[in-house]
Amino acid sequence: MTQFFNNIEPNVIDDEILQKAIEEKCPEDLGDIARKESINIKVVTEIQISFKNILQIANLWPLENLTKLQLDNNVIEKIEGLESLVHLVWLDLSFNNIEVIEGLDTLVKLQDLSLYSNRISTIEHMDTLQELQIFSIGNNNLTMLENVIYLRRLKSLQTLNLSGNPFCSEEHYRLFVVAHLPSLVYLDFKLVRKSTAKAAALKYQHLTKPLEEEEAQVLALQEEEDAKQKELEQQQAAFVEYLNGPFLFDSLHEEEGEAAKLVSLPGVEELLQAYKEEFVSVCESLYNYGLEEYEKREAEVSKFYKRLHEILAVNQEESKRIISDFETRNETRLDELYQDGSGEIADSKRAQGKEEIQQLWHALMLLETLVSNDLEELLQDFKRSLDVIASTFTENIQGMFNQCRDLENQHFENVMEIVQAILKKIALFELEEDFPEDLRALFEDKITVVNITSVSHSIRLRKIDKRESDMLSNTYQWQKSVREKAFQRESDRNRTCIEKIICFMDTLQKELDSTVVKPKE
Amino acid sequence: MEALEEKEEVEQPPEDVISLRISDFLDELELDAEQASVRSNETEFDWSSIDTSNLPSSYKTNSRQEKKLLQLADHFLQQYSHLCPDRKPLFIHPLNECGVQKFVSTTVRPTLLPYPDMYYWSGCASFVSNYLIMEPLKCPITPPSSLYSPTTIVKYQRGNCFDFSVLLCSLLVGAGYDAYCVHGYATLEMCSMDQTQEVCPRLKKPPEEPVEEDPNKYKIKYPSEPKSQFELQQKAKEEEEAKPTQEEEKEEEVVEEVEKPKRDSLHGLRVHAWVLVLSGKRKVPETFFINPFTGNSHSTKDECFLGIESIWNDKNYWVNMQDCRNGCKDLSFDLSNHFCWEIMFPESNEDSQLPTESPKDSTDDMQEKKKISSSFEMPLSWVERIKVSSQEYENPFPRGKKVILYDKAKQEKWAAYANTDGMVERLTVYADSDRTEELEVKEWFEHRKDLLYMREVNHQTQLITDHFNPGHPLLLKAHTYTSLEPETGHTVEFYHKARVDGLWKRSETATEMTEYFEEREDLLHKRHIKFGEREQGMEMAGTAEANARPIVQIREYFHRNPKKPADEDVEERVFKVIDDVIQLTYHLEIYDIIPSKVVFARVIGREKREGEVFLSRENTVKYQPWSSEKHKNMRYLYNLLWELRAEQKDLKQLVRDSEAEMLNILAVRENEEANIKLAVSIYSTAQRDQRIASILEAEERSSQNSSEKKSQQTGEEDESVTQHTATNSTT
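A quick note: this is a predicted structure, and the numbers were derived from the prediction, not measured.

What counts, and at which threshold
Residues numbered from 1 in each chain as written. Chains lettered and ligands numbered in written order. Predicted model: local features only at pLDDT ≥ 70, side-chain atom pairs only at ≥ 80, totals over all residues. Heavy atoms only, no water. Helix = DSSP H or I, 4+ residues; strand = E, 2+ residues; numbered from the N terminus. Buried < 20%, exposed > 50% of the residue type's maximum accessible area, 1.4 Å probe, protein only. Disulfide = S-S within 2.5 Å. Pairing = 2+ DSSP bridges. Salt bridge = Lys/Arg side-chain N within 4 Å of Asp/Glu carboxyl O. Axes fitted to C-alpha atoms, helices over the stretch in contact; angles between N-to-C directions. Parallel < 35°, antiparallel > 145°, perpendicular 65-115°, else oblique. Contact = heavy atoms within 4.5 Å. Buried area = accessible area lost by both parts, 1.4 Å probe.

### Topic: the environment of I76(A)
Residue and element names in this part refer to chain A.
Thinking step 1. Inspection of the secondary structure assignment puts I76 in the loop between β4 (68-70) and β5 (90-92).
Thinking step 2. On the accessibility criterion, I76 (0% relative accessible area) is buried.
Thinking step 3. Separated by 42 residues in sequence, I76 and N118 have C-alpha atoms that sit 9.5 Å apart.

### Re the state of the cysteines
Residue and element names in this part refer to chain A.
Thinking step 1. Evaluated as defined, the whole model comprises zero disulfides over all chains.
Thinking step 2. You can see C283 has no disulfide; the closest cysteine sulfur is in C404, sitting 5.0 Å from it.
Thinking step 3. Overall, the relative accessible area of 1% leaves C283 in the buried class.

### So, the pairing of strand β16 (residues 476-481) of chain B
Residues and elements named next belong to chain B.
Thinking step 1. Among the six residues of β16, five are classified as buried, and the element is accordingly described as predominantly covered.
Thinking step 2. With four bridges connecting them, strand β15 (residues 463-468) and β16 associate as antiparallel partners. Within β16, the position partnered with T465 by the bridge is T480.
Thinking step 3. Direction of pairing for β16 relative to strand β17 (residues 490-494): antiparallel, over a ladder of four bridges. For T480, the partnering residue across the bridge sits in β17 and is T491.

### Examining the pattern of salt bridges
Thinking step 1. Applying the stated criterion to the full structure yields 54 salt bridges over all chains.
Thinking step 2. Close ionic contact of R153(A) with D127(A) constitutes a salt bridge, the shortest N to O distance being 2.9 Å. Linking R153(A) in the loop between β7 (134-136) and β8 (159-161) with D127(A) in the loop between β6 (112-114) and β7, this pair joins segments that are 26 residues apart in sequence.
Thinking step 3. Of the residues examined, D127(A) reaches a relative accessible area of 40% and is grouped as partly exposed.
Thinking step 4. Its salt-bridge partner being E66(B), residue K102(B) comes within 3.4 Å of it at the nearest N-O pair. Note that K102(B) is positioned in the loop between α4 (64-83) and α5 (104-107) and E66(B) in helix α4, a separation of 36 residues in sequence. You'll find K102(B) and E66(B) in the same group, each marked buried.
Thinking step 5. Several salt bridges share partner residues, and in doing so they unite R499(B), D501(B), R506(B), E515(B), R527(B), E556(B), R573(B), E647(B) and E661(B) into one network.

### Examining the sheet that holds strand β3 (residues 179-186) of chain B
Residues and elements named next belong to chain B.
Thinking step 1. Strand order in the open sheet formed by seven strands is β6-β5-β4-β3-β7-β8-β9, with antiparallel pairing between adjacent strands. Two strands close off the open sheet at either side, each with one partner strand: β6 (296-299) and β9 (341-343). Direction aside, neighbouring strands of the sheet carry axes that sit 35 degrees apart on average.

### Some words on the sheet that holds β4(A)
Residues and elements named next belong to chain A.
Thinking step 1. Sheet architecture is open: eight strands sit in the order β2-β4-β5-β6-β7-β8-β9-β10, paired in mixed fashion. Among the strands making up the open sheet, the edge pair consists of β2 (46-48) and β10 (190-191).
Thinking step 2. As paired strands, β2 and β4 are joined by three bridges and run parallel to one another. Bridge assignment links E46 to a residue of β4, and that residue is K68.

### Notes on the pairing of β6(B)
Thinking step 1. Two strands pair when backbone bridges link them, and strand β5 (residues 288-291) of chain B and β6(B) are joined in this way by four bridges, in the antiparallel orientation. Looking at β6(B), one finds that F288(B) is bridged to S299(B).

### Examining the packing of helix α8 (residues 268-339) of chain A against helix α9 (residues 343-427) of chain A
Thinking step 1. Interaxial distance between α8(A) and α9(A) falls to 11 Å at its minimum, and their mutual angle equals 180 degrees. Considering the angle they form, α8(A) stands roughly antiparallel to α9(A).

### Quick notes on the interface of chain A and chain B
Thinking step 1. If you look at the interface, chain A gives 46 residues, while chain B gives 34 residues.
Thinking step 2. Here chain A meets chain B over a buried area of about 3,800 Å², counting both sides, of which 60% is carbon and sulfur.
Thinking step 3. The interface formed by chain A and chain B contains five salt bridges.
Thinking step 4. With its nearest N and O atoms 2.6 Å apart, the salt bridge here joins K597(B) to E327(A).

### What to know about helix α4 (residues 173-180) of chain A
Residue and element names in this part refer to chain A.
Thinking step 1. For α4, a buried count of six out of eight residues is recorded, marking the element as mostly surrounded by other parts of the structure.
Thinking step 2. Buried residues of α4: Y173, F176, V177, V178, A179 and H180, and no others.
Thinking step 3. For α4, the elements touching its buried residues are β8, β9 (186-187), α5 (194-203) and α6 (205-237).

Below, the structure written as structure tokens:
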């Protein structure tokens, strides 16, 4: 390599190099138009820039659709400028001067990565390459055998090349790697035999076991989390998240401040307990009702889409029939016209063709009109049933929230009574001796205590209202989005369909018109 | 003994009287002709000539217990005739082959034969119906005066309906079924084993499930053409006028059809015996009848059964006390119900209720009977164990074959190995009731080495269809053809699971070949190939390749692959080999109606057309404006073209392979048909080996014969049957 350094100046990838590389890939007998088009930088999928003495990777960002990139046998020192090439599947950076693995995080589709013969000393920064199947990092500067354990996270890895690294000379190198990477099929160009894998697993049991356990734990945790998340998502879809328990009740009584002290008043504790029980049971019924309704809504939506697809399928079949009928006739006519494109017969044929295209147009448009009418009807029905579902749901949950409010009001009245009684006692100086000290301070001023109680009451009411309005607005949002999506889809479909019919007609017409007389040889 | 003889004498007169009366009756009705016709078919067998000397002593005498039993039975009979004077005498103790009176229950000898099929009622029933030759009753309206032991019946392989029923009942009870012999009345067809009015069970189609048109199924409602209201009215009027005449015609037809089956003057009087199987034991879900002549099961509500007098098995005897005016439809088969069934020997653990209809004067007798019967136990059967050797079991047909005539159909059955081609059954379907014009012939085979199990010959379409069991070396499932000549229209079905290419059906004619696939990874499901005509001059070359039909077009159809976007998922590929055009049609998304297409063409000798783009110097491509972006990429198209060209080459080879395979199949089939081999189970007994040896001998002889006989087509009736298929295939 050093010889190159002395003789030739190192390069940076520029447009000229790129252009050359692209042109090299073109097949020789490619037509002119095709050739011009395939040089279009956006459509290039493969490129090879080898032995070009490249020092720095740059200017590759316009090659959006690149899937295969070869940059081997250059003098690259740093992996950079590849972030935008997210479709890369195959990346060859072998025979360069790279020291650190980096800059590959965005290349999540990468399946084959070669870093053979570089100066890398650590395997790192590859967590996102979950698709990686073939990894070559032979002839590098890897010294720590334990570093191989890092590759355990690449679940798809099947082929690995580590040969030529310093740690390869260590005793049991191969067994160690096989034991820690049980999914490997090939290691250092050799098949991993079952017997080897078995022996390795046995030998390094003490090392791999804890690793496996740890991984299993992480996995289990992850799964649990996922399940929880999924459940929550489902509840959210049903608009009843955090209603299957005392969550709402507890949230009402957060941030109570001074009012929380009232709980220690004689009798309030019991009241609160009873209140909580009732409140939670209302919440539970609300939750169950919400889930039920959710199922109903889903069923209604899927019913609609089933019917929609049925209609569309029939439409498709019918139009297919019409078009294929037409096409068989059209094809023979066109062939005949190509054979003999002039004369009276040809003219009459052309007129006939025109006529038939008109007929086809009529047939397709009629079909489209009929179908879109029927779909419109279906959509209206769907809208009506959505309205019914949403309004009954709204009514019922409003009723349940009213129950909650009643409970809160009742509780407030009860507490107020107790407070009044105590105030009375204070006024008459009949208060018990063991009355808590901090409460005594609270009750010093009559207005403060009443205020505290009523404020906390109104806060709670507001919280209930908020939950209710959340639910209602969610319901409304759902109703609106589902409806609009359905309507939007249909109108899009209708539009594209008509556009396509027009386009189809144009093409057919052009084809017919442009049949020219075959030059007689 | 003396007492018995006396009784016989006593009973003789009424029977004689009845039979006399009946014979008069018969004369009157001029039924002789019919009787004669039935008999003329069968060579009369003289039962009096049978040898009874070797029979064991239990056949010739009655034990003490049996005598007591007969006494009791007589007692019962007397009471019965006293109580029900207008009913016919019961069939209780007929004479056996040695002239000794035996109680019917002791004639039933429960036996389980050591063959797997005989563990099930259907096996027993078909064995009995196949093994015995049916004899009509001497007098169709009275039960026979004698009932022979099942062993004798099995020995001589013939008997009347009572003999059939007793034998079948013995086998069924032996196999654990709750079975009973029934003495009753049935229709003429049933009694005379005349099935010509019935549809052959082989031809009975399973009740077709009405394809339910979903009323909500979406249909495109095209606006109808405007029509003149007046014209419609006029039309309706005309139709109405035409209607009455049509209806009249129809009525006439209906009347004709009703009259067709002859009214039987003895309807309801014809005595028949059959078998009743009660539900419960052996997991029988529902009570049913078995007609022993045919071995078919019938519902207890079947209209062919017109009434029941009594039933019995090896344990007891019951008299039916229910009204049979409506046939057996409304009968209850709860035998413990004493209002419905009068039991002869009440079970000891039960408190038998006296029938209320019995008048007072008989109570004493009844009580007396009860006293005796409670201590009474049915004696063991006097009949020897029924034995059927394996040779007899496997060759059940008394005349080598059995012929059953059905409505517009004829069924013939042979034992396995009886025919050299393995045929065991042949069903001929006729167009008319007189069985003159053959429509269809179905033949069933067994133990064939080539695994052929059925052959259908349709005389209308001239198509022959062979059906094979799984395991044929060529994986054949069915083969439809008119002749075994190549390229004459063949359809071959395969057991496709065993094939690598998933081919399950291929039909080939001289100009076309269609292949159907299933469960392929590339989702190909149909391939259609068009052939051109062979060029005349090519024959000079002589090689097989040169003689092949030119391939004009290959068309392939694929299912939708949900992993790909619809407009990149090919639905149809057309390779126009001669024009050098490749056309791809893509699938459609559900909301779409016009598929996108890509057409590749070679421009040599052909002008570039509108919309086509040069892909290389020789090749053009055409795509549509709505094609997927991918299909507007020239590089992609260029690569695709070369892939397709390579594939076209492979496809051509595949087609040639398919043709070769068809030729091979035909050659193999021809060879198999020319020398049919039958497989012999390794578990077969020495006797069977002997039989096989004899068959082989016969085969050799016949093959020699057939070579000699080629010129003279006529042969003896027997031999022509055995050679039937062999000659078929060679001619």
